[in-house]
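Chain residues, written in single-letter form:
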Amino acid sequence: MNPGSPAAAFPAIFVAALRKHGFDFFAGVPCSLVKGIIRELEGGSDYVSETREDAALGLAAGAYLAGRLPAVVMQNSGLGVSLNALGSLHRIYAMSCLLLITWRGHDGKDAPEHNILGPETPRVLDLMGIAHREPESQDGLIEAVGWAARTTVETRQPVAIIVRPGMGA
Amino acid sequence: MTLESAIAIVHDHAQDALVVHANGMISRAGFTHRDRPEHFYMIGSMGLASSIGLGVALARPDRRVVVCDGDGNVLMNMGTLALVGARRPTNLLHVCLDNGVYGSTGNQRTLSNDVALEKVAGAAGYAATRRVDDVAALRAALDELGGQPGPAFLLVRITPDLPDPLFGRVSIDPPALTERFRGAAAAR
């Protein structure tokens, strides 16, 4: 968090960073931890509100095939839904995509439904061979966007930014 | 009507469209019948053919997009019927090659025998839907749907019969398929 900065400004700054670094197709399933970012994305014409996280990844794959650089927003519960798409579509077909994954249950002390996958979220990404960062500040999140864009384009593989609770995102 | 005869007719209609083939026998039949850079073949990610096709259609509204889907795939991802109905991309033709079974895993029955998927698509908001079960009707429906704005859903009842010898597998490496399709999409 950046004390003193207006809470509403960060989502706009973050989405501007996404666009500046080339992301030009957005899809996702909501999470309260990034409701500001989603509201900001919905203000553009290029955000698709999806029904399931793996379907959002299918949409992103199609957009990538058509020349776009996609980003998909999801809660980490949706990462569980997405494992087959990541493993049998993006990873093997070499498709760039940013996963913006919120981190419910990171400390194992969240609502019960988040406390199994929550603490293991980074390890699940490791197992899937997906590079990830989990910044601890708003500045860190902005910096991670540049890393994510470079990495996903150079490697043609999906990459993830994990958004912790309380980031004002 | 067999899968290979239906695929051949859909390919003839698709011409310069970008075409997404669902995993399993549909990709194998499509690859075997006619391969071109504008074709994408799923080998995994079952259910997502319609999502991939919709992504292409939304990103390139100036190009015609055809999805060669299957009944098992459609049933696995019915939310995407709703998303197509909500976004209404006029350039999307969603073909469901419906053999009523999971053909790659031993012909287990699918729910398409009990649920009319073209009616689901219509209720979800596709601009037009058709159900055909012979070659002449398939050709006529493709001509008709090709001449009007989509999104259109065309359910093609086919038999579960497969040729002997069976279609070969898609022999192009997945990353090469991705690059080839991206090149074909960018070319015009």
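Data block above holds the structure.
Report on the accompanying structure. Since this is a predicted model, take the numbers as computed values, not measurements.

Calculation criteria
Residues numbered from 1 in each chain as written. Chains lettered and ligands numbered in written order. Predicted model: local features only at pLDDT ≥ 70, side-chain atom pairs only at ≥ 80, totals over all residues. Heavy atoms only, no water. Axes fitted to C-alpha atoms, helices over the stretch in contact; angles between N-to-C directions. Helix = DSSP H or I, 4+ residues; strand = E, 2+ residues; numbered from the N terminus. Parallel < 35°, antiparallel > 145°, perpendicular 65-115°, else oblique. Left-handed = near helix turned anticlockwise from the far one by under 90°. Contact = heavy atoms within 4.5 Å. Nonpolar A, V, L, I, M, F, W, Y, C, P; charged D, E, K, R; others polar. Pairing = 2+ DSSP bridges.

Let us look at the packing of helix H5 (residues 79-87) of chain B against helix H6 (residues 117-124) of chain B. All names here are of chain B. The geometry of H5 relative to H6 is characterised by a closest axis approach of 8 Å and an angle of 40 degrees between their N-to-C directions. As judged from the angle between their axes, H5 and H6 are oblique. Of the two elements, H5 crosses H6, and the hand of that crossing is right-handed. Between H5 and H6, the residues in contact are Leu 81, Ala 82, Gly 85 and Ala 86 and Val 120, Ala 121 and Ala 124, respectively. A breakdown of the residues in the contact of H5 with H6 according to their chemical character gives six nonpolar, one polar and no charged.

On to the sheet that holds strand E1 (residues 25-28) of chain A. Residues and elements named next belong to chain A. Across the sheet, six strands lie side by side as E2-E1-E3-E4-E6-E5; this open sheet has parallel pairing. For this open sheet the edge positions go to strand E2 (47-49) and strand E5 (131-133), each flanked by a neighbour on one side alone. Averaged over all neighbouring strand pairs, the angle between strand axes comes to 20 degrees, with direction disregarded. The sheet contact formed by E5 and strand E6 (residues 158-163) spans three bridges and is parallel. Each bridged residue has a counterpart across the sheet, and for Arg 133 the counterpart in E6 is Ile 161. Contacting E1, E2, strand E3 (70-75) and strand E4 (97-102), helix H2 (residues 35-43) crosses the sheet at an angle of about 115 degrees to E2. In the packing of helix H3 (residues 53-65) onto the sheet, contacts are made with E1, E2, E3 and E4, and the angle to E3 comes to roughly 175 degrees.

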